[in-house]
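Structural features, examined
The primary structure of each chain is shown beneath.
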Amino acid sequence: MDEILAVERRPGRPHVTGGHQWFRRILVGSASLIVVLVVGTFFGLHFMVAAAPTPFALPALSASQAPVSGLSADGIWTVHSGSIAGFRSQMSLLGQGGTIVGRSTALGGTIVMANGDVASASIRIDLTAIEIYGKPNAGFGKMVNTATYPAATFILAKPILLMAHPLVNTTYRARATGSLTMHGVTRSTTFTFTARYTGSSLEATGSVPVTFSAWNLKTPFGIQNNGVIEFVLEMSR
């Protein structure tokens, strides 16, 4: 018996416990690789190392753009080129964090100003044009089902009271409440935005907090269920 034990414990033979640890490392490593491949296949691995674009902000004013009074902003304003909208969500994968940002320049809509207030607004975002870090992404299109639901829309529910004659080149902060429709689901939402009247254009930027599952959107593993829809609008009469 002693000879048998000596043979079984001969140097160079792996101990049973060590074998289990080795096998466990393989399982953990394989699971981690599968997670990376699943998320990578869905959104593309490049987002894991790319720097996220900064949130939108209104263009800085020059020293010569002083506040001016007496100019009416009333009228119908149309969203034009220079407007951008998209989403931002946090990622946590294998102990590493990051941000996924998608953006579209395909926007449309109108805002009606009356007596210095926002009387109505309707904005449409073409989700089929969303790019993640500058590239189209099939995974996003599949998640949102852009083939069936190609756009997200926001319609203002009640007027936004600003002031009778907003000053030119002055930034105002206000809250908007309306219905946000995407993925075939319409829900009420309220968010804060900033806006500015330049005398020839209207500018606005803000972010709308969203819980993706509230619109029946299922995010892939590692991507948080909460995020924001962010926008910057350039409008002219």
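Scroll up to find the structure.
Here we take up the overall build of the protein chain. Tallying secondary structure elements over the protein chain gives 3 helices and 12 strands in all. The buried share of the protein chain, taken over its 237 residues, is 39%. For the protein chain, the share of sequence-separated contacts (at least 6 apart) that also reach a separation of at least 24 residues comes to 66%. Element-wise, carbon and sulfur atoms account for 60% of the exposed surface of the protein chain, whose accessible area totals about 13200 Å².

Moving on, we come to the pattern of salt bridges. Inspection of the entire model under this criterion finds 3 salt bridges. The partner of arginine 103 in a salt bridge is glutamate 230, with the nearest N and O atoms 3.5 Å apart. Of this pair, arginine 103 sits in strand β3 (residues 96-104) while glutamate 230 sits in strand β12 (residues 223-236), placing them 127 residues apart in sequence. The class for glutamate 230 is buried, based on a relative accessible area of 3%.

Attention shifts here to the environment of leucine 58. Counting through the fold element by element, leucine 58 comes out in the loop between α2 (16-43) and β1 (75-79). Residue classification places leucine 58 among the buried positions, given a relative accessible area of 15%. As for leucine 58 and alanine 204, which are separated by 146 residues in sequence, their C-alpha atoms are 7.1 Å apart. Not counting the four nearest positions on each side in its chain, leucine 58 is found in contact with Thr171, Thr194, Ala195, Arg196, Glu203, Ala204 and Thr205.

Parameters at a glance
What you see as residue numbers is a count from 1 along each chain, following the sequence as written. For this predicted model, a pLDDT threshold of at least 70 governs which residues receive local features, and a threshold of 80 or more governs which side-chain atom pairs are given and counted, while totals over whole chains, interfaces and linings are taken from all residues. Side-chain measures here rest on the full set of heavy atoms in the structure, leaving out hydrogens and waters. Strands here mean DSSP runs of E at least two residues long; helices mean DSSP runs of H or I at least four residues long; both are numbered from the N terminus. Under the scheme applied here, a residue whose accessible area is under 20% of the maximum for its type counts as buried, over 50% as exposed, and between as partly exposed, the area being computed with a 1.4 Å probe on protein chains only. What makes two residues a contact is simply this: any of their non-hydrogen atoms within 4.5 Å. A 1.4 Å probe and the Shrake-Rupley method give the accessible areas. Residues count as covered only by the protein chains that appear here. Any Lys or Arg side-chain nitrogen located within 4 Å of an Asp or Glu carboxyl oxygen qualifies as a salt bridge.

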